Amino acid sequence: MAQGLVKGLTHSKRFVVREEHTATHLGSGDVAVLSTPSMILFMESTALELAQRYLPEGKTTVGVGVDVRHLRAAPVGAEIEVRAELLSVDGNRLVFWVEAWWGDKKIGHGVHERAIVDREAFLARLKKS
(Lines give C-alpha, C1' and ligand atoms only; values in the text may rest on other atoms or scores of the structure.)
Protein backbone atom coordinates (compact mmCIF):
# COMPACT_ATOMS: atom_id res chain seq x y z
CA MET A 1 0.00 0.00 0.00
CA ALA A 2 2.96 2.33 0.59
CA GLN A 3 6.36 1.87 -0.94
CA GLY A 4 9.12 1.77 1.62
CA LEU A 5 6.84 0.77 4.49
CA VAL A 6 8.60 -2.48 5.39
CA LYS A 7 9.30 -4.65 8.40
CA GLY A 8 12.19 -3.42 10.54
CA LEU A 9 11.66 0.34 10.23
CA THR A 10 12.15 2.17 13.52
CA HIS A 11 11.37 5.56 14.97
CA SER A 12 11.81 7.14 18.39
CA LYS A 13 10.30 10.21 19.94
CA ARG A 14 10.74 12.04 23.25
CA PHE A 15 7.99 13.31 25.52
CA VAL A 16 8.04 15.16 28.84
CA VAL A 17 5.52 14.02 31.44
CA ARG A 18 3.34 16.99 32.30
CA GLU A 19 0.52 17.31 34.79
CA GLU A 20 -2.05 16.70 32.04
CA HIS A 21 -0.47 13.27 31.42
CA THR A 22 -0.93 12.08 35.01
CA ALA A 23 -3.33 9.47 36.30
CA THR A 24 -4.87 12.00 38.68
CA HIS A 25 -5.56 14.47 35.89
CA LEU A 26 -7.10 11.86 33.58
CA GLY A 27 -9.00 10.07 36.31
CA SER A 28 -7.35 6.73 35.66
CA GLY A 29 -5.78 6.67 39.13
CA ASP A 30 -5.10 8.84 42.15
CA VAL A 31 -1.32 9.22 41.91
CA ALA A 32 0.35 12.06 39.99
CA VAL A 33 2.51 9.87 37.73
CA LEU A 34 2.44 9.10 34.00
CA SER A 35 -0.93 7.49 33.31
CA THR A 36 -1.30 4.35 31.25
CA PRO A 37 -3.60 6.17 28.77
CA SER A 38 -0.91 8.85 28.26
CA MET A 39 1.83 6.24 27.79
CA ILE A 40 -0.36 4.59 25.14
CA LEU A 41 -0.91 8.00 23.51
CA PHE A 42 2.86 8.49 23.30
CA MET A 43 3.25 5.01 21.76
CA GLU A 44 0.51 5.60 19.20
CA SER A 45 1.93 8.99 18.27
CA THR A 46 5.39 7.50 17.68
CA ALA A 47 4.03 4.68 15.49
CA LEU A 48 1.86 7.16 13.57
CA GLU A 49 4.88 9.34 12.79
CA LEU A 50 6.87 6.34 11.60
CA ALA A 51 4.11 5.22 9.21
CA GLN A 52 3.21 8.70 8.00
CA ARG A 53 6.70 9.25 6.58
CA TYR A 54 6.05 6.53 4.00
CA LEU A 55 2.42 7.16 3.07
CA PRO A 56 1.29 9.04 -0.02
CA GLU A 57 -0.70 12.23 0.26
CA GLY A 58 -4.29 11.58 1.32
CA LYS A 59 -3.43 8.44 3.29
CA THR A 60 -3.09 8.17 7.05
CA THR A 61 -3.28 5.50 9.71
CA VAL A 62 -5.78 4.92 12.49
CA GLY A 63 -5.17 2.95 15.65
CA VAL A 64 -7.03 -0.37 15.74
CA GLY A 65 -5.38 -2.27 18.56
CA VAL A 66 -3.24 -1.89 21.65
CA ASP A 67 -1.86 -4.63 23.88
CA VAL A 68 0.69 -3.06 26.22
CA ARG A 69 2.02 -3.49 29.73
CA HIS A 70 2.77 -0.49 31.97
CA LEU A 71 5.75 -1.75 33.95
CA ARG A 72 6.72 1.16 36.21
CA ALA A 73 5.85 4.69 37.17
CA ALA A 74 7.42 7.91 35.88
CA PRO A 75 7.00 11.27 37.66
CA VAL A 76 5.95 14.64 36.32
CA GLY A 77 8.97 16.19 34.60
CA ALA A 78 10.42 12.87 33.46
CA GLU A 79 11.63 12.70 29.87
CA ILE A 80 10.25 9.58 28.21
CA GLU A 81 11.68 8.06 25.05
CA VAL A 82 9.24 5.97 23.04
CA ARG A 83 10.50 3.57 20.39
CA ALA A 84 8.44 1.95 17.66
CA GLU A 85 9.52 -0.85 15.33
CA LEU A 86 7.39 -2.01 12.43
CA LEU A 87 6.97 -5.78 12.90
CA SER A 88 4.76 -6.53 9.91
CA VAL A 89 2.85 -5.11 6.98
CA ASP A 90 -0.19 -7.07 5.79
CA GLY A 91 -2.16 -5.14 3.20
CA ASN A 92 -3.41 -2.07 5.06
CA ARG A 93 -2.61 -3.52 8.52
CA LEU A 94 0.59 -2.42 10.31
CA VAL A 95 1.84 -4.06 13.51
CA PHE A 96 4.39 -2.29 15.72
CA TRP A 97 6.44 -3.27 18.77
CA VAL A 98 6.46 -0.23 21.06
CA GLU A 99 8.53 0.53 24.16
CA ALA A 100 8.65 3.46 26.58
CA TRP A 101 11.84 4.25 28.50
CA TRP A 102 12.65 6.66 31.32
CA GLY A 103 16.42 6.84 31.16
CA ASP A 104 17.66 3.25 31.39
CA LYS A 105 14.37 1.99 32.90
CA LYS A 106 11.80 0.40 30.63
CA ILE A 107 8.40 1.65 31.79
CA GLY A 108 6.21 -0.04 29.20
CA HIS A 109 6.10 -2.24 26.13
CA GLY A 110 3.73 -4.07 23.83
CA VAL A 111 2.09 -4.35 20.45
CA HIS A 112 0.20 -1.60 18.64
CA GLU A 113 -1.75 -2.07 15.40
CA ARG A 114 -2.71 0.59 12.90
CA ALA A 115 -4.68 0.48 9.65
CA ILE A 116 -3.85 2.52 6.56
CA VAL A 117 -6.90 4.45 5.34
CA ASP A 118 -7.77 7.07 2.79
CA ARG A 119 -8.40 10.12 5.00
CA GLU A 120 -11.30 11.58 2.97
CA ALA A 121 -13.08 8.25 2.41
CA PHE A 122 -12.71 7.42 6.12
CA LEU A 123 -14.30 10.70 7.16
CA ALA A 124 -17.03 10.42 4.51
CA ARG A 125 -18.05 7.00 5.91
CA LEU A 126 -18.45 8.55 9.35
CA LYS A 127 -20.85 11.19 8.02
CA LYS A 128 -23.07 8.45 6.54
CA SER A 129 -23.31 6.60 9.87
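Our structure's up above, just so we're on the same page.
As the structure is a prediction and not an experimental result, all values here were calculated from the model. (Residues numbered from 1 in each chain as written. Predicted model: local features only at pLDDT ≥ 70, side-chain atom pairs only at ≥ 80, totals over all residues. Heavy atoms only, no water.)

A. Region of interest: the overall build of the protein chain. Of the regular secondary structure elements, the protein chain holds three helices and five strands. Reading the helices (α) and strands (β) of the protein chain from amino to carboxyl end gives β-α-α-β-β-β-β-α. Viewed in the frame of its principal axes, the protein chain has a C-alpha envelope of about 40 × 35 × 20 Å. Residues counted as buried form 36% of the 129 residues belonging to the protein chain. Carbon and sulfur atoms make up 51% of the accessible area of the protein chain, which totals about 7,300 Å². (Helix = DSSP H or I, 4+ residues; strand = E, 2+ residues; numbered from the N terminus. Buried < 20%, exposed > 50% of the residue type's maximum accessible area, 1.4 Å probe, protein only. Areas by Shrake-Rupley, 256 points an atom, 1.4 Å probe, with all protein chains shown as cover.)

B. Representation of the packing of aromatic side chains in the model. The full count for this structure, using the stated rule, is one aromatic pair. Ring centres of F15 and F42 lie 4.1 Å apart, and the angle between their planes is 10°; on these two criteria the pair is classed as stacked. You can see F15 sitting in strand β1 (residues 10-16) and its partner F42 sitting in helix α2 (residues 36-52), a full 27 residues away along the chain. Each member of the pair, F15 as well as F42, is classed as buried. Over the ring of W102 we find K105; its NZ or CZ atom is 5.1 Å from the centre of that ring. (Phe/Tyr/Trp six-rings, centres within 6.5 Å; stacked < 30°, edge-to-face > 60°. Lys NZ or Arg CZ within 6 Å of the ring centre and 35° of its normal.)

C. Geometry of the pairing of strand β5 (residues 105-118). In terms of strand pairing, strand β2 (residues 59-70) meets β5 through eleven bridges, oriented antiparallel. The residue of β5 that forms the bridge with G65 is E113. Where strand β4 (residues 93-102) lies against β5, ten bridges are found, and the strand directions are antiparallel. Looking at β5, one finds that R93 is bridged to A115. Hairpin connection between β4 and β5: a loop of two residues separates the two successive antiparallel strands, and G103 in this loop has a positive phi of roughly 65°. (Pairing = 2+ DSSP bridges.)

D. Representation of the pattern of salt bridges. Applying the stated criterion across every chain yields a total of seven salt bridges. Across the pair R14 and E81 runs a salt bridge whose closest N-O atoms are separated by 3.8 Å. One end of the pair, R14, is in strand β1; the other, E81, is in strand β3 (residues 79-90), with 67 residues separating them in the sequence. A relative accessible area of 17% places E81 in the buried class. Notably, a salt bridge pairs R83 with E81, separated by 3.3 Å at the nearest N-O pair. (Salt bridge = Lys/Arg side-chain N within 4 Å of Asp/Glu carboxyl O.)

E. How the structure looks around the sheet that holds β5. In space, the five strands of this open sheet follow the order β1-β3-β4-β5-β2, with antiparallel pairing throughout. Where the open sheet ends on each side, the last strands, each with one partner, are β1 and β2. Across the sheet, the axes of successive neighbouring strands diverge by a mean angle of 25°, strand direction being ignored. Relative to the sheet, α2 contacts β1, β2, β3, β4 and β5, its axis offset from that of β2 by approximately 140°. (Axes fitted to C-alpha atoms, helices over the stretch in contact; angles between N-to-C directions. Contact = heavy atoms within 4.5 Å.)

F. Local environment of the nonpolar core. If you look at the biggest cluster of nonpolar residues, it comprises 25 residues, and the most contacted ones within it are L34, I80 and F96. Residue contributions to this core peak at six residues, all from α2. Each residue touching I80, except ones within four places of it in the same chain, is listed here: K13, R14, F15, V17, L34, A74, A100, W101, W102 and I107. (Core = buried A, V, L, I, M, F, W, Y, C linked by side-chain atoms within 4.5 Å.)

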